[in-house]
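# Reading the structure
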Amino acid sequence: MQANGAIPLLDLIERKKNTMHNVLCAAIIKWLHSPLTWLSFLLSAACGLSAGCLGMAGVPDYAGAARYFEPLPLHAAFAVQLLCIAAVTSLTAGLECAEGSVRNYLSVGCSRAVFYLSQITAALLYAAVSAALMLGVFAAFTVSALDIFPDRGYWLLLGLMAGILLAAAASAAALAVNSAVQVRTLLLTIAGCFVLAVSGLIGFWALHEREPYQLRFDGSGVSLHHTPGYVSGAKRSLLLCLQALNPVGQYCFCAQYLETRRIYAEFNPDDAEQRILFDAADSYRAELDGSAACIAGFAVLCGLAGYLHFERRDLT
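Residues numbered from 1 in each chain as written. Predicted model: local features only at pLDDT ≥ 70, side-chain atom pairs only at ≥ 80, totals over all residues. Heavy atoms only, no water.

### A short note on empty space enclosed by the protein
Following the criterion strictly, the structure yields 1 cavity of 30 Å³ or more and no others. Counted as a void, the largest cavity has a volume near 30 Å³. Residue lining of the largest cavity: A27, K30, W31, T92, A93, E96 and Q119, and that is the complete set. Elements with a contribution of two residues or more to the lining of the largest cavity: α1 (9-32) and α3 (72-93). The biggest single contributor to the lining of the largest cavity is α1, with 3 residues. Tallied by class, residues from the lining of the largest cavity come to 3 nonpolar, 2 polar and 2 charged. (1 Å grid on protein atoms, 1.4 Å probe; cavity = no way out; pocket = protein on both sides within 12 Å on 5 of 7 lines; lining within 4 Å. Points joined across faces, edges and corners; volume = space filled by probe spheres on them. Helix = DSSP H or I, 4+ residues; strand = E, 2+ residues; numbered from the N terminus. Nonpolar A, V, L, I, M, F, W, Y, C, P; charged D, E, K, R; others polar.)

Put into structure tokens, the structure is as follows:
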């Protein structure tokens with residue numbers, strides 16, 4: 001018997017579990033009833049199909065052993081998929097607040113933390129299905145080209161793409177739950193994706209020169225020259241840090257790594273001179289250490305910021 005009507009700890013935990021389960025199920029059902037969700041799933045499969053077909057549409061190589069893989073369609077499909085997930089998440093996750101039904105959840109004992117977590121979780125599940133559709137269809141078309149990817153760069157790129165799409169969904173959901181105007185949320189989300197993409201491309205272009213010096217051959221011999229456009233010192237360290245914090249910056253490095261390995265895949269790595277080309281490709285791989293942790297940290301940071309703001313919102 002509990003004195004003063006106190007609730008046993010196990011009963012309290014069980015109630016919280018049931019509340020989270022019920023709210024999450026309600027959120028998932030709302031996502032499944034949205035036509036935007038199913039249209040985006042079709043678009044995901046279409047993006048994977050287009051990237052696979054167009055990427056493998058090149059001519060056979062000189063030995064006829066493998067087909068030429070063009071990565072540009074994959075990059076375009078990823079951009080479309082990123083915007084699609086961000087847009088659908090903004091319009092769907094924010095529907096509860098836009099309709100005012102969040103107050104009904106709070107009035108029946110659902111805490112703000114449970115409601116917020118349920119929306120983030122539903123968005124992550126949606127993004128996981130969308131990413132699996134696009135990347136799965138794409139991989140089905142390109143599995144025959146794995147012999148032109150001599151290491152795990154191919155799978156690293158696909159895993160990084162999936163992580164970025166999940167981070168985009170979590171960030172968009174955090175923003176959507178904090179806004180009662182869906183159109184505004186949609187515009188802010190697209191603007192955020194655009195800023196990340198542009199800053200990632202600018203950072204990558206500024207860092208694309210890997211060595212401060214380069215050799216030049218002329219009629220009199222070999223001379224050493226400063227590399228034009230090379231960024232060095234504290235500025236380079238700052239740009240590398242910003243790229244690591246930017247999911248699109250991580251994607252740029254991974255895409256360059258894959259592209260470099262693709263170009264030089266047919267060379268002989270045992271040859272000392274040709275080995276230099278492989279070392280250049282591996283230098284891009286070094287930039288990707290901890291990339292998964294950086295992307296997850298980006299999503300968690302956006303989620304925590306969204307939760308702190310949601311706790312302070314006046315929902316009356």
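Back to the write-up after that little detour.
### Looking at the packing of helix α2 (residues 35-55) against helix α6 (residues 112-142)
Viewed as axis vectors pointing N to C, α2 and α6 meet at an angle of 25°, and their least axial separation amounts to 7 Å. Taken together, α2 and α6 sit at an angle that is classed as roughly parallel. Relative to α6, α2 is oriented so that their crossing is right-handed. For the pair formed by α2 and α6, the contact residues are T37, S40, F41, S44, A45, C47, G48, L49, A51, G52 and C53 on the first element and Y126, V129, S130, L133, M134, V137, F138, F141 and T142 on the second. (Axes fitted to C-alpha atoms, helices over the stretch in contact; angles between N-to-C directions. Parallel < 35°, antiparallel > 145°, perpendicular 65-115°, else oblique. Left-handed = near helix turned anticlockwise from the far one by under 90°. Contact = heavy atoms within 4.5 Å.)

### With respect to the confidence of the model for the chain
When pLDDT is averaged along the chain, the result is 76, and 67% of the positions lie at 70 or above. Throughout residues 1-7 the model reports pLDDT below 50, and contacts reaching past four residues in sequence, or to other chains, amount to 3 contacts. (pLDDT = per-residue confidence, 0-100.)

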